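Overview (structure and organization)
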There are 2 protein chains.
Amino acid sequence: MPADPAATALPPSLAFFAAGFDVRLAEFVHRATPRSRFGPAAGPLAARLVRLLLSGGKRLRPALVGLGFRTGQELGGRAGGDEEAWLPAAVAAELVHAFALIQDDLMDGAHLRRGMRWPAAGPGPRGRRALGRRLLLADLAFVLADLALEEAPAAPARLAEARRVFGLLRLEAVCGQAEDLRLSVPAARRPGGALTPAAAARLAALKTGLYSAWRPLQLGAALAGPAGPWLPALRAYALPLGIAFQLTDDLLDLQGDPARTGKAALGDLREGKPTHVLAAALHRLDGEGRRRLSRLLRAGAWPEAAALVGATGAPAATRALAGRLVARSRAALARLPLSPGLLGELDGLAAWVLARDR
Amino acid sequence: MPADPAATALPPSLAFFAAGFDVRLAEFVHRATPRSRFGPAAGPLAARLVRLLLSGGKRLRPALVGLGFRTGQELGGRAGGDEEAWLPAAVAAELVHAFALIQDDLMDGAHLRRGMRWPAAGPGPRGRRALGRRLLLADLAFVLADLALEEAPAAPARLAEARRVFGLLRLEAVCGQAEDLRLSVPAARRPGGALTPAAAARLAALKTGLYSAWRPLQLGAALAGPAGPWLPALRAYALPLGIAFQLTDDLLDLQGDPARTGKAALGDLREGKPTHVLAAALHRLDGEGRRRLSRLLRAGAWPEAAALVGATGAPAATRALAGRLVARSRAALARLPLSPGLLGELDGLAAWVLARDR
């Protein structure tokens, strides 16, 4: 992890959200679920969702919606108009992400999110009640996402295209999570299974390349104006950036500081997640090494397992791959004739993905 | 339960769906989630969803979408045009319902749906995997519902109104389920809590009055044409019908045949569901009776608890209330100047809600 704090601070395009965006997000959730229309349980449910939304998060996807919108404005020659027309779509993207995080934590058995502890879901009336509350929190976020997008002040053709992209974004989120689950193997059954570095990279392409990076950018761009020949270059910027974001996420799980990430350390190992760094370690170990790693995982010896993964050189290889992907992403910017200010923000975001410590 | 089998057969408007609608439903799910675009897990996930969709279900909500559309056509004076323009919205309504059923069964710990057994969700890697698969099945249905609605061949203003209604339908489904959870009290803590006959009726108004009856009708009507002064009469038909549907559902759980319902007997008692019949029983019992019911529920003596509920006269009272609601629903039809054929179908549906044994 880089020691220079400036290198890991959020880039301006993300830091911008800390204040204004959160107010907008909370305002929308409360306004969209009045108790008078949706029954006595609606208010507390909305309040819980707002608490989760405001308890942290990098606002990466909303920032990308905004950057996509500004790109579309500059390159579609439509500067002017409503400068904030992308905000409802950014709220929608963040709400879908909240939905995904809540469900992911349930599927992974993760207890900690944004430094907050989840009530334990499980069998028995109390556990099922906790499960129900967490599911309904996710459901509310998912429905509201849709309603938020409809508030975007855009021409019908723009909104129709935004809806199409938003549908893809959500399908990719769900199908990406299904592929994640397919490749996840409980510790007791590792090594083996379908987890190869190539499968892990394909998964990252679906989950973060498309869902977390390209679709939010495309969503913003769709609201700004019709697609132009610059759209493939924006895609070439987004896809490797999103995959690199996943790789650095995996590395943070292995080597990061839980006080910064807001997640328990070594959660991916505990949960049998199909990370690229684990796939690379399995790929580098011989039969005896794999059996040793399997024994450590089976025994719940997480720090020892992490040390063995580290000793294979897999983290360095994953970091190097992330570096190459970010370089490719930054190179794609040369094909986008944008203003220096916007180019700088896109470039800064790419640099941050590599340098981040949270 | 009525002994005459003809009285409990599905009315024609529902039976119609047995063939054509199911084909349409399955075709849409497969078409919308090609493996080539959404990764290796998309195909099996879609196939599991289709299996669940085709394994049963009364198709009540899709039928109501169709009836609402035909009502809108007749009373908006727009007969002619695409007679099947409502089908995508009916697919959407059925997909939202599949989503709700999957999640409800998770929250309730119900093991059986449409005669199919769910894999047990719970703690540990295997249980969390089962949970994940069930959640993603629900998520896929929820996203696809949205995409299905967009396929409705309707004018932009019609589709916009349909989207608005569909947003309400989904918010009411989520907030209704949250209220259900709030009123659900584990057997060990009954009696007491917030469960009164009035609270149970308010819950039914949200969950089945609005979500299951009025919104599907309104959705179909919205696609057919602009609202007219007949819309309140259609609402007056739908709301009591939907509440009555919930009451007969509660009675079927208590007294029905699991071979017909596809659900385990006495599931509501086991799961502490806030049914009207239980609320009415609690209301009718004195302190000693409530303590006895509480002891039986705590001990898991479900048949004895059901017998005690029955002895209070609560089932007869709930059935009488359902009868009054259905009568009110049928009376509202007099204010709708519809063709005799359509009136007959709406009336037949109301009669079936009271007479049904599944």
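Describing the overall build of chain A
Per the secondary structure count, chain A includes 18 helices and 2 strands. Radius of gyration (C-alpha) of chain A: 21 Å, near the 21 Å computed for a compact globule of 358 residues. Across its three principal directions, the C-alpha atoms of chain A cover 65 × 55 × 35 Å. In chain A, buried positions account for 59% of the 358 residues. Excluding contacts between residues fewer than 6 apart, the proportion of contacts in chain A whose partners are at least 24 apart in sequence is 78%.

Details of the interface of chain B and chain A
On the chain A side, the residues contacting the 49 residues of chain B number 50 residues. Summed over both sides, the interface between chain B and chain A buries roughly 4,400 Å², with carbon and sulfur atoms accounting for 72% of that surface. Considering only the side of chain B, the residues that lose the most area to chain A are Phe38(B), Arg129(B) and Leu171(B), jointly responsible for 15% of the buried surface there. In this assembly, chain B and chain A are joined by 2 salt bridges. Across the pair Arg170(A) and Asp146(B) runs a salt bridge whose closest N-O atoms are separated by 2.8 Å. Linking chain B with chain A are 14 residue pairs in polar contact (both at pLDDT 80 or more). Elements that contribute at least two residues to the side of chain B that touches chain A include exactly helix H4 (35–38), helix H5 (42–54), helix H7 (87–108), helix H8 (124–150), helix H9 (156–183) and helix H10 (197–224) of chain B. Among the elements that take part in the side of chain B that touches chain A, H8(B) stands out by supplying 16 residues, more than any other. Class assignment of the residues belonging to the side of chain B that touches chain A gives a composition of 27 nonpolar, 8 polar and 14 charged.

Quick word on the packing of aromatic side chains
If you walk through the whole model with that rule in mind, you get 5 aromatic pairs over all chains. Ring geometry for Phe245(A) against Trp352(A): centres 6.3 Å apart, planes inclined by 35°, an arrangement best described as tilted. One end of the pair, Phe245(A), is in helix H11 (residues 231–255); the other, Trp352(A), is in helix H18 (residues 340–355), and 107 residues separate them in sequence. Judged by relative accessible area, which is 6%, Phe245(A) ranks as buried. Members of the aromatic cluster, each reached through a chain of ring pairs, are Phe99(A), Phe142(A), Phe99(B) and Phe142(B). Against the face of Trp352(A) rests Arg356(A), its NZ or CZ located 5.7 Å from the ring centre.

Here's the deal with the packing of helix H14 (residues 276–284) of chain B against helix H17 (residues 314–332) of chain B
All names here are of chain B. The geometry of H14 relative to H17 is characterised by a closest axis approach of 8 Å and an angle of 125° between their N-to-C directions. Relative to H17, the element H14 lies oblique. Seen along the crossing, H14 lies across H17 with a hand that is right-handed. Residues His276, Val277, Ala280, Ala281 and Arg284 of H14 form the contact with H17, whose own contacting residues are Ala314, Pro315, Ala317, Thr318 and Leu321.

Looking at helix H18 (residues 340–355) of chain B
The terminal C-alpha atoms of H18(B) lie 22 Å apart, and with 16 residues this matches the ideal 22 Å at 1.5 Å per residue to within 8%. Here H18(B) has its buried residues at Leu342(B), Glu345(B), Leu346(B), Leu349(B), Ala350(B), Trp352(B), Val353(B) and Ala355(B).

Topic: the packing of helix H9 (residues 156–183) of chain A against H8(B)
Close contact between H9(A) and H8(B) brings their axes to 10 Å; oriented N to C, the two are set at 165°. Compared by their axis directions, H9(A) and H8(B) come out roughly antiparallel. Considering only the axes of H9(A) and H8(B), their crossing is left-handed. Of the residues in H8(B), those in contact with Arg163(A), Gly167(A), Arg170(A), Leu171(A), Val174(A), Gln177(A), Ala178(A), Leu181(A) and Arg182(A) of H9(A) are Arg129(B), Gly132(B), Arg133(B), Leu136(B), Asp139(B), Leu140(B), Val143(B), Leu144(B), Asp146(B), Leu147(B) and Glu150(B).

A closer look at the environment of Ile243(B)
Residue and element names in this part refer to chain B. Tracing the backbone shows Ile243 in helix H11 (residues 231–255). Look at Ile243 and you get buried, because its relative accessible area is 16%. Considering only alpha carbons, one finds Ile243 and Gln103, 140 residues apart in sequence, at a separation of 21 Å. When residues no more than four places from it in sequence are discounted, the contact partners of Ile243 are Ala204, Ala205, Thr208, Gly209 and Leu325.

Criteria and thresholds
Residues numbered from 1 in each chain as written. Chains lettered and ligands numbered in written order. Predicted model: local features only at pLDDT ≥ 70, side-chain atom pairs only at ≥ 80, totals over all residues. Heavy atoms only, no water. Helix = DSSP H or I, 4+ residues; strand = E, 2+ residues; numbered from the N terminus. Rg over C-alpha atoms; globule rule 2.2 N^0.38 Å. Buried < 20%, exposed > 50% of the residue type's maximum accessible area, 1.4 Å probe, protein only. Contact = heavy atoms within 4.5 Å. Buried area = accessible area lost by both parts, 1.4 Å probe. Salt bridge = Lys/Arg side-chain N within 4 Å of Asp/Glu carboxyl O. Polar contact = N/O pair within 3.5 Å; in protein donor to acceptor, adjacent residues only side chain to side chain. Nonpolar A, V, L, I, M, F, W, Y, C, P; charged D, E, K, R; others polar. Phe/Tyr/Trp six-rings, centres within 6.5 Å; stacked < 30°, edge-to-face > 60°. Lys NZ or Arg CZ within 6 Å of the ring centre and 35° of its normal. Axes fitted to C-alpha atoms, helices over the stretch in contact; angles between N-to-C directions. Parallel < 35°, antiparallel > 145°, perpendicular 65-115°, else oblique. Left-handed = near helix turned anticlockwise from the far one by under 90°. Expected span 1.5 Å × (residues − 1).

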